[in-house]
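Structure assessment
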Amino acid sequence: MNRVFFIGIDAGDFKYIEPLVKRNKLPNFRKLIQSGAWCVLESTNPPLTPVAWTTLLSGLGKSEHKVFSWTKFSDDLKEITPINANDIKIPRVWDILNVYGIKSVVMNLPLTYPAYPINGVMVSGFDAEAYDDRATAMTEPLKNEFKEKYPDYSIMVEYKNIYQGLEIFKKLWKEDCRKKTEAFIYLMNKTSAQFGILVYMIVDHLNHYIPYGLKKHRTQVEWAYSIVDQEIGRIMDEMEKTDSIIICSDHGSVFIKQNFFINKWLADNGYLRFYDDKLPDKIYRNIYNKLSMKARIFKIFGEKFGEKLFRFLFEAIPTSLKKKVVKRVRDKSVLGFSFDCIDLENTKLFCKEAYGQVFINERRLKREGERFEILEEVLIKMQKDVKDGKIPPFRVLDKHVSRDEKDAPHLELELESEDILFNVFNFMNDSSYLEVNHQSYRGDHRKKGIFLALGRGIIPVKKTRKLKMTEITPLLTVLASGKLPKYLEGNIPREILGKEIEFFIDEKGVNEFLPMNNYDFEEDMTKRKLENLGYL
């Protein structure tokens, strides 16, 4: 049996890997680089987890898969909620392989919650509400056996564990990687799967969470790569000569030196207005988490109840006092703003997440003419402030006054410096538009991801051209099945594929591979996780 192992390293970046390989710190990455094919994998715009993983594992761009960010608008455009597996309306690689009779194990991949039935096994990734029945899709006997064998399996290491200290946080992440590798190998062998996906989140989450300066931040991220290297070695030890391993990241990572507070700029220029008597939900959760770490009595409430309790206490006070509290919070803390605090009745433009996706409030600006005028006006003002040194240089990637999809941005901007972040909400009343990053959120994404491959059907090519995200699914599909849907034909990276791999083009269209994903979903915990990671 020819097996294909796909290993995802969320935020994997050769900027870290190559120096560590040269210092003999990553023996398994060294083997992959010396004996296999490797190159930079160009991420999506924005280089954001849901957009990138969906592109990479479907072979389709965001205009086709319709995933633009972590959240989607409600029908009335007043609220945002996290997206989930139900929002993926195109086939991903295991859906294609389902049709070809290839059994798959899909594990710890974002946007696989709620898990749905496939030919094989699915165990959801970190954005799952919790490790519950909706986080797994496998036969009932296997599910019972899996729970018995891994009774303490968890979706991810929660952010709040960092309050216990860095070493405890790292220990939890190391154990998380070990358990996921062990469970993945078990499921691959137990089900006799021919294709497997396992994603490691440790690099990305330590990159985001480690609240230190550049040198110490890099040291901790390098430690995370050493853990991933060990786990890759365990998987490679399981491989036969006829197997292949492909390793990719959805994006690279970068230490953030400065923040550009784009929503503050929009607010100060009259395009956006925040309520002056409303606080974000995240501040109530932050209060609860800090108090529960100091006084055990608070732990009896649980995070959800604690958050509701503090919100109730705030909402019970008079409006005049609320305004004083809100002003005080925003004067002293970066936790005073969020999408929920935007006064949409008096707002024209806004950003809802990190990265330069600007939205027109279509409920207020209904005519295309006035939308065009306001976009032009904003860009002229921004360019002037760039010349004056108030905001960083940027590029306009895309601009629309009307959209086919309600979740598509009207304006997409990209900063010229990759170590400056579009920080959407984490500012104070007296923050400048561009500030040195002193916040706990230290690392973010860049477009340079990684690709490494070794084994059957792989030509060892050293630092070939940059691969595109859309080229990975065709490669995986051909290696695993010897077939390729015609709609993916133009994206096969033939310079990597060995001559011994023969495949034929299947005339089936994209609609003949669609997933069976339509399950109930609660976004409460997912929203918390995304806020902790700095996306919302």
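**Re the overall build of the chain**
A count of helical and extended segments in the chain gives 16 helices and 22 strands. Compactness check: the chain gives a C-alpha radius of gyration of 23 Å against a globular reference of 24 Å for 536 residues, within 12% of the reference. In terms of its C-alpha atoms, the chain occupies a principal-axis envelope of roughly 70 × 55 × 45 Å. Sequence-distant contacts in the chain: of pairs separated by 6 or more residues, those separated by 24 or more amount to 72%. For the chain, the accessible surface area stands at approximately 21,900 Å², while carbon and sulfur atoms represent 50% of it. Positive and negative side-chain charges in the chain, numbering 84 and 77 respectively, have mean positions lying 5 Å apart.

**Some words on helix H6 (residues 140-149)**
In an α-helix, one full turn covers 3.6 residues, which means residues spaced three or four apart are oriented alike. Within H6, the full set of buried residues consists of Leu142, Lys143 and Phe146. The buried residues of H6 all sit within an arc of 100° when viewed along its axis, so they share a single face. What points out from H6, more than 90 degrees from its buried face, is the exposed set Pro141 and Glu148. Lining the buried residues of H6 we find strand E5 (104-109), strand E6 (120-124), strand E7 (136-137) and helix H7 (166-191).

**Some remarks on helix H14 (residues 368-387)**
Its 20 residues place the ends of H14 29 Å apart at the C-alpha level, agreeing with the 28 Å of an ideal helix rising 1.5 Å per residue. Every buried residue of H14 is listed here: Arg371, Ile374, Leu375, Val378, Leu379, Met382 and Asp385. For H14, the arc enclosing every buried residue in end-on projection is 130°, short of the 170-degree limit, so these residues lie on one face. Along H14, the residues that are exposed and aim more than 90 degrees away from the buried face are Glu373, Ile380, Lys384 and Lys387. Positive backbone phi, approximately 80°, marks glycine 389, located one or two places after H14.

**Some words on the sheet that holds strand E1 (residues 4-9)**
Taken in spatial order, the 9 strands of this open sheet run E7-E6-E5-E8-E1-E9-E19-E2-E20, and their pairing is mixed. Each having just a single partner strand, E7 and strand E20 (467-468) make up the two edges of the open sheet. Note that E5 and E6 share 5 bridges and pair parallel. Bridge pairing in E6 places leucine 109 opposite serine 124. Packing of helix H2 (residues 27-35) onto the sheet brings it into contact with E1, strand E2 (37-42), strand E9 (244-248) and strand E19 (448-455), and relative to E19 it is tilted by some 75°.

**Quick word on the nonpolar core**
Counting 162 residues, the largest nonpolar core has Phe6 and Phe451 as the members making the most contacts within it. Counting residues per element, this core draws most heavily on H7, which supplies 10 residues.

**Things to note about the pattern of salt bridges**
As enumerated under the stated definition, the model contains 38 salt bridges in all. For lysine 384, the salt bridge goes to aspartate 388, with nearest N and O atoms at 3.0 Å. Note on aspartate 388: relative accessible area 43%, which makes it partly exposed. As a salt-bridge pair, glutamate 489 and lysine 486 come within 3.4 Å of each other at their nearest N and O atoms. Judged by its relative accessible area of 29%, glutamate 489 falls in the partly exposed class. Overlapping salt bridges bring together Asp13, Glu418 and Arg446 as one network.

**Section: the pairing of E19**
The element E19 is extensively covered by neighbouring structure, given that 6 of its 8 residues are classed as buried. Across 5 bridges, the pairing between E9 and E19 is antiparallel. Pairing of serine 244 across the sheet is with glycine 455, part of E19.

**Let's talk about the packing of H7 against helix H8 (residues 202-209)**
To characterise two packed helices, one gives the angle between the axes of the helices and the distance between these axes. The geometry of H7 relative to H8 is characterised by a closest axis approach of 11 Å and an angle of 165° between their N-to-C directions. As summarised for this structure, H7 and H8 are arranged roughly antiparallel, according to the angle between their axes. For H7 against H8, the interelement crossing comes out right-handed. Taken together, the residues of H8 that come into contact with H7 (itself represented by Phe169, Lys170, Trp173 and Cys177) are Ile202, His205, Leu206 and Tyr209.

**A few points about the side chain of aspartate 229**
As for its position among the elements, aspartate 229 is in helix H9 (residues 214-237). Notably, aspartate 229 is buried but unbridged: the nearest opposite-charge side chain belongs to arginine 30, and the N-O separation is 9.0 Å. Contacts of aspartate 229, omitting those with residues within four sequence positions, involve Leu26, Pro27, Asn28 and Phe29.

**Comments concerning the packing of aromatic side chains**
Enumeration according to the criterion identifies 23 aromatic pairs in this entry. Plain terms: the ring middles of phenylalanine 337 and phenylalanine 427 are 4.5 Å apart, the flat faces sit at 25° to each other, and that makes the pair stacked. Linking phenylalanine 337 in the loop between helix H13 (319-332) and strand E12 (349-350) with phenylalanine 427 in the loop between strand E16 (420-422) and strand E17 (434-436), this pair joins segments that are 90 residues apart in sequence. Aromatic rings pair up to connect Phe73, Phe339, Phe350 and Phe359 into one cluster. It is lysine 170 that lies over the ring of tryptophan 223; its NZ or CZ is 4.8 Å from the centre. Positioned over the ring face of tyrosine 153 is lysine 180, at 4.9 Å from the centre of the ring.

Rules behind the numbers
Residues numbered from 1 in each chain as written. Predicted model: local features only at pLDDT ≥ 70, side-chain atom pairs only at ≥ 80, totals over all residues. Heavy atoms only, no water. Helix = DSSP H or I, 4+ residues; strand = E, 2+ residues; numbered from the N terminus. Rg over C-alpha atoms; globule rule 2.2 N^0.38 Å. Contact = heavy atoms within 4.5 Å. Areas by Shrake-Rupley, 256 points an atom, 1.4 Å probe, with all protein chains shown as cover. Lys, Arg positive; Asp, Glu negative; His and termini not counted. Charge placed at Lys NZ, Arg CZ, Asp CG, Glu CD. Buried < 20%, exposed > 50% of the residue type's maximum accessible area, 1.4 Å probe, protein only. Arc of directions from axis to C-beta. Expected span 1.5 Å × (residues − 1). Pairing = 2+ DSSP bridges. Axes fitted to C-alpha atoms, helices over the stretch in contact; angles between N-to-C directions. Core = buried A, V, L, I, M, F, W, Y, C linked by side-chain atoms within 4.5 Å. Salt bridge = Lys/Arg side-chain N within 4 Å of Asp/Glu carboxyl O. Parallel < 35°, antiparallel > 145°, perpendicular 65-115°, else oblique. Left-handed = near helix turned anticlockwise from the far one by under 90°. Phe/Tyr/Trp six-rings, centres within 6.5 Å; stacked < 30°, edge-to-face > 60°. Lys NZ or Arg CZ within 6 Å of the ring centre and 35° of its normal.

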